[in-house]
Every structure is written in C-alpha cells, then in structure tokens.
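Structure at a glance
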Amino acid sequence: MILGLETSCDETAAALVTEDGYILANVVSSQAELHARYGGIVPEVASRRHLELITPVIRETLDEARSSLDDVERVAVTRGPGLIGALLVGLSAAKALAWARGLPLVPVDHLHGHVASLFLQPDPAEPPFLCLLASGGHTLLLDVPDHHGFRVLGTTLDDAAGEAFDKGARLLGLGYPGGAEIDRLAREGDPEAFEFPVARVPGLDFSFSGLKTALLYKVRELGADELERRRADLAASYQRAIVRALVERTEAAAEQTSAERIAVVGGVAANSELRASLPRAALAPLELCTDNAAMIASAARYVEEIPFARYLALDAYASSAA
Ligand code: KG4
Ligand code: ZN
C-alpha cells in the first residue's frame, strides 16, 4: 500500500492507494476559503495551514481506509513544482513518516501526478496518448509514451488556463477559485453574446493574457449596472474562448503527432464545456482533476523509490527543470 501526500499549493491531501491502483482513501482539505478574502493564494498562509492540517489529514485517510501505518509499504510525496514553503511541509512529513517506519520514499513530480490521475482503477487509461494538462499553474501539451514520464510539446507563454479562469472570475466579481464559479454561471449565459479573442501563437503554445485584458476592457465599457445584467453572458463567452483555445491546440497537436488518443487532466479538466468539447478524450473523474494525493500515489508506482534513510537530504523544487 502506498501513502501519498500532496501539499504543493492550497490543498492539503493524503491518500492510500494499492500497488495495482485502487484508491482506498482520498482525503483533500482545501484552503480555498482561507485564501478567498485575498482573491488568490497567499504562500505563507498556505504553508502554515498545511502544517496544521497535514497530521489530521493523514489520520483521517488511514481511518477512512480502516488501516494503520503498519499497512503502509511506501510513502510518496510531491517534490515540486509548486509553492516552496507548502511543498516543504509535505516533504518533511513524508520523510519523517518514512524514516520513523523504516520505509522507502518516492518523490513525485506534481505534473506526472496529474497525468497519473488517469492510471487509477477502475478505468485506467493506457498510454501512449497526447495529454492536455490544464491547471491553475500550468497549461501543457504532453506526449505521454508510457506510465513513467512525458515530453513537453507546448506550454503557455503567459497565464495558465486555470489562472485565466480565476482572474476572469475576479473581474466578474465572482468568488475564488473562479473556474468552478464561471463554469456554473456560464450555463445560464449565451456563449455567443460577446466575442473574445483566441490567441494564435506559433507552434503548440498557448497565450491567455490578451483574453484577460479583453475581458477587463469589456467590463469597464459596460459599467456596473450592465455588468450585473450581463454577467452570465460574459462568463459564458469568456469560458467559450478559453475552451476553444484549449481544444484547437490539442486537436492540432494530436494531428501533428499522429496521436490516436487524447487525454485531459488538471483542475481545468473539471470544466463541463471542455469535457463536452472533447467527447472522445480520456478524462479523470472530477475529484481526481483538481489537486489530490491519490494521483501522487498513482504516479509513485512508476517512479524509482529511494531506499530507507537515503532521502533525508532530499529537497523540494519550486519550478520544473524543463
Ligand atoms: O490542478 P489544480 O487543482 O491545481 C494546480 O495544480 O494548479 O487546478 C486548479 C485550477 C484553478 O485555477 C481552478 O479555477 C481551475 O483549476 N478549475 C476549473 C474548474 N474547476 C477547477 N476551471 C474551469 N472549470 C472548472 N469547473
Ligand atoms: Zn495541480
């Protein structure tokens, strides 16, 4: 059994997963409410909250699976990329647990974790596939040849797709995190009401900053009363532009690489319009799209473990080497 820990951003998460990919417990404690009043994540606040939550979250995970630390054979943890202080809380907890129990430790890359959300039972996706990873911190097109890793084909030149959702929600006066709020409101609006630009940068990269600026100008132009009246239309049109950009690039990449299968992972993969726009894509269940530790334990099955006690000096990393 693998105990996975994830603390790279504002979710404190632990999970117990079997070596063949069955989830026994998957506990996520979101700090979203804590950060909502700031309209975004405050890194130092996140670290301190992780510190308070990590032990209760692990305890709850073991209880939910009716297991104890005696059943854990390996400890897996997100090593990066993410907020460095937040990552260090999870990594230190993982080292302490593994060391105290004489267990090996498996360091997992957060992005590999998102991809590995697709490798869990009961309906695992089999590589090779082309994968769109769209979250609050990343927008990547990945060539996934096997379970062990990936190659980056394209990335965002500015904002991530989830960031575009969150910043757009803020301009519309919606809550944080904004993706789910826009998703909900967009269902009541007309996606053709406003025309927002879809940036077409060369190659397989993305750009979302122009879109955000276009929304800002539109909101200013409309004024407070009109914004109130047209909020759902704005949300629907803005969401349509983001989804269109993601879908167009993903389909172009699939054609260029002759990929037979497409997969979508990351928090933005929870978006209902995106899911409907790629009906044949492999999609993780909603609760595995946003950050969680089951995906980290899943990835750990395909990463070399570090034997007992050789991991004490292991460090976290804030950004990917790539
Ligand atoms: O993967 P994730 O939980 O954390 C990162 O690794 O960044 O992704 C969080 C992002 C946020 O930007 C959030 O607004 C977005 O995923 N998100 C959504 C939806 N649910 C979450 N975006 C669009 N539609 C949704 N339903
Ligand atoms: Zn993530």
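Everything below is about the structure shown above.
Residues numbered from 1 in each chain as written. Chains lettered and ligands numbered in written order. Predicted model: local features only at pLDDT ≥ 70, side-chain atom pairs only at ≥ 80, totals over all residues. Heavy atoms only, no water.

As a further point, take the layout of surface pockets. Left-over empty space is what a probe sized like a water molecule reveals as it rolls over the atoms. What the largest pocket holds in volume is close to 1200 Å³. What lines the largest pocket is a set of 45 residues, and nearest its centre among them are Asp10, Gly136, Asp166, Tyr176 and Pro177. Elements with a contribution of two residues or more to the lining of the largest pocket: strand E3 (23-30), helix H4 (110-116), helix H5 (161-171) and helix H6 (178-186). Residue classes in the lining of the largest pocket are distributed as 15 nonpolar, 19 polar and 11 charged. Split by domain, the lining of the largest pocket shows at least three residues from each of two domains, domain 1 (2-120 + 287-300) and domain 2 (129-284). (1 Å grid on protein atoms, 1.4 Å probe; cavity = no way out; pocket = protein on both sides within 12 Å on 5 of 7 lines; lining within 4 Å. Points joined across faces, edges and corners; volume = space filled by probe spheres on them. Helix = DSSP H or I, 4+ residues; strand = E, 2+ residues; numbered from the N terminus. Nonpolar A, V, L, I, M, F, W, Y, C, P; charged D, E, K, R; others polar. Domains from an automatic or database assignment.)

A few words now on the coordination of the zinc ion (ligand 2). Tetrahedral coordination by four donors places them ideally at 109.5 degrees to one another around the metal; octahedral coordination by six donors ideally gives 90 or 180 degrees. Within the protein, His110 (NE2), His114 (NE2) and Asp291 (OD) serve as the donor atoms for the zinc ion (ligand 2), at 2.0 to 2.1 Å. In primary sequence terms, the donor set of the zinc ion (ligand 2) follows H-x3-H-x176-D. With His110 and His114 both in helix H4 and 4 residues apart, this pair spans about one turn of that helix. Judged on exposure class, the residue His110 and its partner His114 are both buried. (Donors = N, O, S within 2.8 Å, 3.2 Å for Na, K, Ca; no water. Buried < 20%, exposed > 50% of the residue type's maximum accessible area, 1.4 Å probe, protein only.)

A word on the environment of Ile306. Here Ile306 shows up in the segment after helix H10 (294-300). On the basis of relative accessible area, Ile306 is assigned to the buried category, the value being 19%. Sequence-wise, Ile306 and Glu226 are 80 residues apart; in three dimensions their C-alpha atoms are separated by 58 Å. When sequence neighbours within four positions are dropped, the list of residues in contact with Ile306 reads Pro104, Leu105, Pro107, Tyr311 and Leu314. (Contact = heavy atoms within 4.5 Å.)

Right, let's talk about the nonpolar core for a bit. Residues Phe129, Phe208, Ile242 and Leu246 are the most contacted members of the largest nonpolar core, which totals 76 residues. No other element matches the 17 residues that helix H7 (residues 209-256) contributes to this core. Taken together, domain 1 (2-120 + 287-300) and domain 2 (129-284) each give at least three residues to this core, which thus spans both. Discounting chain neighbours no more than four positions away, the residues touching Phe208 are Thr139, Thr156, Asp158, Asp159, Ala160, Ala161, Ala164, Ile242, Ala245 and Leu246. Formed by 29 residues, the second largest nonpolar core is a distinct cluster that contains Leu3, Ala14, Ile54 and Tyr311. (Core = buried A, V, L, I, M, F, W, Y, C linked by side-chain atoms within 4.5 Å.)

Let us look at the packing of H5 against H6. Relative orientation of the contacting elements H5 and H6 amounts to 70°, with a least axis distance of 7 Å. The orientation of H5 relative to H6 falls into the category roughly perpendicular. H6 is crossed by H5, and the crossing has left-handed handedness. Contacts from Phe165, Asp166, Gly168 and Ala169 in H5 reach Gly178, Gly179 and Ile182 in H6. Split by residue class, the contact of H5 with H6 holds 3 nonpolar, 3 polar and 1 charged. (Axes fitted to C-alpha atoms, helices over the stretch in contact; angles between N-to-C directions. Parallel < 35°, antiparallel > 145°, perpendicular 65-115°, else oblique. Left-handed = near helix turned anticlockwise from the far one by under 90°.)

On to the sheet that holds strand E7 (residues 139-144). The strand order across the open sheet built from 5 strands is E8-E7-E6-E9-E10, with neighbouring strands paired in mixed fashion. Two strands bound the open sheet, and with one partner strand each, they are strand E8 (151-155) and strand E10 (282-283). Alignment of strand E6 (residues 129-134) against strand E9 (residues 262-265), held across 4 bridges, turns out to be parallel. Paired with Leu132 across the strands is Val264, a residue of E9. Taken strand by strand, H7 contacts E6, E7 and E9, and its axis lies near 155° from that of E6. (Pairing = 2+ DSSP bridges.)

Here the focus is empty space enclosed by the protein. Using the criterion set out here, one finds 1 cavity of 30 Å³ or more in the structure. Of the pockets and cavities examined, the largest cavity occupies roughly 40 Å³. As for the largest cavity, its lining consists of Pro197, Val198, Ala199, Ser207, Phe208, Leu211, Ala241 and Ala245. Grouping the amino acids of the lining of the largest cavity by side-chain chemistry returns 7 nonpolar, 1 polar and no charged.

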